[in-house]
Amino acid sequence: MSPSVDTAQAPVLEVSGLTVEFPGVRALDGVDLDIRAGEVHALVGENGAGKSTLLKVLGGVYTPSAGTVRLRGEVYAPRRPSDAHAHGIAVIYQEFTLFPDLTVAENVYAGREPHSRWSRGIRYGQMRAGCRELFGILGVNIDPDARVADLSVSEQQLVEIAKALGADGQVIVMDEPTAALSKEEVERLLDVVRRLRDEGRSVVYVSHRLEEVFAVADRATILRDGRLVRTLAIAATDEDKLVRLMVGRDIDSVFHREAVAEGRVVLRLDSVSAGRHLRDVSLDVRAGEVVGIGGVAGAGQAELTQAVFGALPLRAGHMELDGQRFAPSTPADALAAGVGFLHEDRKHAGILPDLSVRQNLTVTVLDRLRHGFARLLSRQAEERTYTEYGSRLRVRATGPEQLISELSGGNQQKVLLARALAPGGRVLVLNEPTRGVDIGAKAEIHALINELTAAGAAVIMVSSDLPELLGTSDRVVVLSRGRVVGVLEGQDRTEENVVVCATTGRRIGVAA
Amino acid sequence: MTTAAPERAVRAADPRARLSRAIENAPLAVPLVLIAVVLTVATDRFLSVDNLTNVVVAAGIVAIPGLAMTLCIAMGEFDLSVGSTVSLTGAVTCTWIVGGHPAGLAMVVGLLVGAAVGLLNGLVVTKLGVTPFIATLATLVIVRGVSLAYTGGRDAIVSSSTLKFLAAGRVFGVPMPVVLTAVTALAAWWVVNRTRFGRWVCAIGSNREAARMSGLPVDRIRTTVYVIVGVAGGIWGLLISSQLQKGSGQLGLGFELDAITIVVIGGTSLLGGRASVVGTLLGAVLIETIRNGLNLLNTPPAYQRISIGLLLVVALTIQALRRNAPAEALDDV
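Predicted model, so just to flag it, every value in this text is computed and none were measured.

**Details of the sheet that holds strand E8 (residues 202-206) of chain A**
All names here are of chain A.
Next up, step 1: One open sheet holds the 6 strands; their spatial order is E6-E7-E8-E3-E9-E10, and the pairing between them is mixed. Whereas interior strands pair on both sides, the edge strands pair on one side only; in this sheet they are strand E6 (89-92) and strand E10 (227-233). Across the sheet, the axes of successive neighbouring strands diverge by a mean angle of 15 degrees, strand direction being ignored.
Next up, step 2: In this structure, strand E9 (residues 219-224) lies alongside E10, joined through 6 bridges in antiparallel fashion. When the sheet's bridge partners are listed, Arg-219 is paired in E10 with Ala-233.
Next up, step 3: The sheet contacts of helix H1 (residues 51-58) involve strand E3 (40-44), E6, strand E7 (171-175), E8 and E9, and relative to E7 the element is tilted by about 145 degrees.
Next up, step 4: Contacts from helix H6 (residues 183-198) reach E3, E7 and E8, with the element oriented near 150 degrees to E8.

**Topic: the confidence of the model for chain A**
Next up, step 1: Put simply, chain A has an average pLDDT of 85, and 95% of its residues get 70 or more.
Next up, step 2: Contacts of residues 1-8 of chain A to residues separated by more than four positions or lying in other chains number 12 contacts, the stretch itself having pLDDT below 50.

**Here we look at helix H14 (residues 409-421) of chain A**
Next up, step 1: Given a rise of 1.5 Å per residue, 13 residues ought to cover 18 Å, and the 18 Å separating the end C-alpha atoms of H14(A) matches this to within 8%.
Next up, step 2: Within H14(A), 13 of the 13 residues are buried, leaving the element largely enclosed by the surrounding structure.

**Observations concerning the packing of helix H3 (residues 49-74) of chain B against helix H8 (residues 176-194) of chain B**
Residue and element names in this part refer to chain B.
Next up, step 1: For the pair H3 and H8, interaxial distance at closest approach is 8 Å and the crossing angle is 30 degrees. On the basis of their axis angle, the class for H3 and H8 is roughly parallel. Both H3 and H8 take part in a crossing whose hand is left-handed. Residues Val-56, Val-57, Gly-60, Ile-61, Ala-63, Ile-64, Leu-67 and Thr-70 of H3 form the contact with H8, whose own contacting residues are Pro-177, Val-178, Leu-180, Thr-181, Thr-184, Ala-185 and Ala-188.
Next up, step 2: Classifying every residue of the contact of H3 with H8 gives 11 nonpolar, 4 polar and no charged.

Here is what the cut-offs are and how they apply
Residues numbered from 1 in each chain as written. Chains lettered and ligands numbered in written order. Predicted model: local features only at pLDDT ≥ 70, side-chain atom pairs only at ≥ 80, totals over all residues. Pairing = 2+ DSSP bridges. Helix = DSSP H or I, 4+ residues; strand = E, 2+ residues; numbered from the N terminus. Axes fitted to C-alpha atoms, helices over the stretch in contact; angles between N-to-C directions. Contact = placed C-beta atoms within 7 Å. pLDDT = per-residue confidence, 0-100. Expected span 1.5 Å × (residues − 1). Buried ≥ 20, exposed ≤ 12 C-beta atoms within 10 Å, placed from the backbone. Parallel < 35°, antiparallel > 145°, perpendicular 65-115°, else oblique. Left-handed = near helix turned anticlockwise from the far one by under 90°. Nonpolar A, V, L, I, M, F, W, Y, C, P; charged D, E, K, R; others polar.

This is the structure we're talking about:
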């Protein structure tokens, strides 16, 4: 621990020598940590550094193999999640734990519904009033009677936080809370975090986005490969230093988009409408070009990419690939035409959890890997594919036979990227290619995109991470309510312009 | 990273993978051996050639639909209608034979009926979007009704040497059902481990949405699997009718549970994503050994049901324990 840290204040939560072992893996190795009252404590580190494991120990999901946790001086050894709740520790995981079919109020009070002593009937009025009060504290306006499934991701996030507050959480732990939020929503969330701190609660804040860490945290603890690197005061450090501590080596955190000579148009969208949102979108993507798609969450990005991939039928308009009519009616058609696709939802529409890394990587190209009269799968060809793409993306696995569900999120993402590349990679449709991915892997993925475009690939990239969107694309197309409101090139390609277009719908670089 | 690194990693992982594959079927082999030893000591007939042949033939007969069901369960779905398919196939084949058609033709027609039932299941599940449980439950009732209506409630008794050969014949001294099972098992192992189709089935069972977004023809594969189960149910029906020399609307009652039970006891997860062909075979042998043993010990049939039910609970508990232990712990480390 850094000696520069002020130790006068007594910690609320004190972790010492925490070790967590799984068969074959030591996920945490003798980690020390102290969380004070009224502080925002950032927990940073690359994927696989042990952050999620630490959170799950605090949340009562994992039992440590060694070490202790003390809560206000007393030993805290939760055996199940309900123990954590009872001690006022609320962990908000990346994957929400809400009931989508229940209302907001029912979720906020899940497990501790106020009820009448005589009839055992739930007091809905009291729940609604309590919700409004909690949302008041958070400075947001969400209808307590809305069904959670109908809320946006950011609203669901806020419901999770309200639930933690309502349960009188004194230590609130947030795992990548902004991963799916737009810039405006992130600002609102950071305000909420500051409010929580000002109320004297402690917030443990896990994020890959360092600008958020610097915007909101008082101290930061850096983990690497399951070990504590250091705890330091945010005021006494800067981004470069933190990145160096996280990765243990120097990394250029600024994206370099190498300019590529303009190629011919590979993919053309002409007045395409699809799904519920997407209206009248026209777009050219050239060989060697990265077209970034920006906008607030749900502005039509998913519809656009799925339409190109044949997963969503067009309602109007048409597409061309290499000057030929391109009308994929299924993803298989798009794959056959050489379009690779990365879904934004890794868990639900990406990984095949019961299958190995090799099997996950090759699932879209099995046709190419069959041989002989009986068209059987060739194990050698599959392993060659794994070696080729797996090593190019530096997938960290014990080997091709490891189950993908055993890898960290960032490594799963690399396998899925390899899957998207395997069909040939002339046209790549990448949704949030670095969501939930650590900074080292992020740089590798960006370098790979450069490499692919240098070889002539045409890339459409959706990203809600503004520096990434601007840094890795040649042209940024901003969507708002399903329409193109901004085409930002050259000098116009600024964060401000993206935000203005996305949030106000004002047009830049597009005829009205 | 050097290019040599992944290869080194492969070698390092291999012994562990091989070991875990070797002990995968241990939960089945151990009780099987124990029961065999107990029966050998407790009865004087268990270890006779005739009795063991009976066990193996019975296991083989249930293994054929079980292997098809393995695919279906690996796909994350299951088919409750096979018992009714058994009845309808046997009824159609026997009625055709009674009506003077050649037995070979009658058997082919029977199998086509099985395939048709499978196709119906597949289309209702994929095109109408009905969940497999409900869709195949409906088919179970409908097909049973069709079978009863078709036979008019009477047994179609046949004496066809061709049909009889299916269950009672021998090829080079090996009983026909065992030959059929061996062929089916090899084919199933091949499909699961070496073909694109088998990989796709497991991919769909593991994450259907991801499979769809990977360009897999999900509905076509699902339909095909139901047709395979239908045909396997048809083969089962022919074998049963061959054994009994009759077709009837009453045959095959509750058989669907036998087929599903041996798959689950064999270790194929009901959640889908993985298929164990060897496990299903062992599951079939285990169940038939228990049945045989209880018969030899003169236990009333009701106790057979109870013991197989208990075995199912034990198998599912083992599955649940395995699932909750290391795999989940490694998630998101």
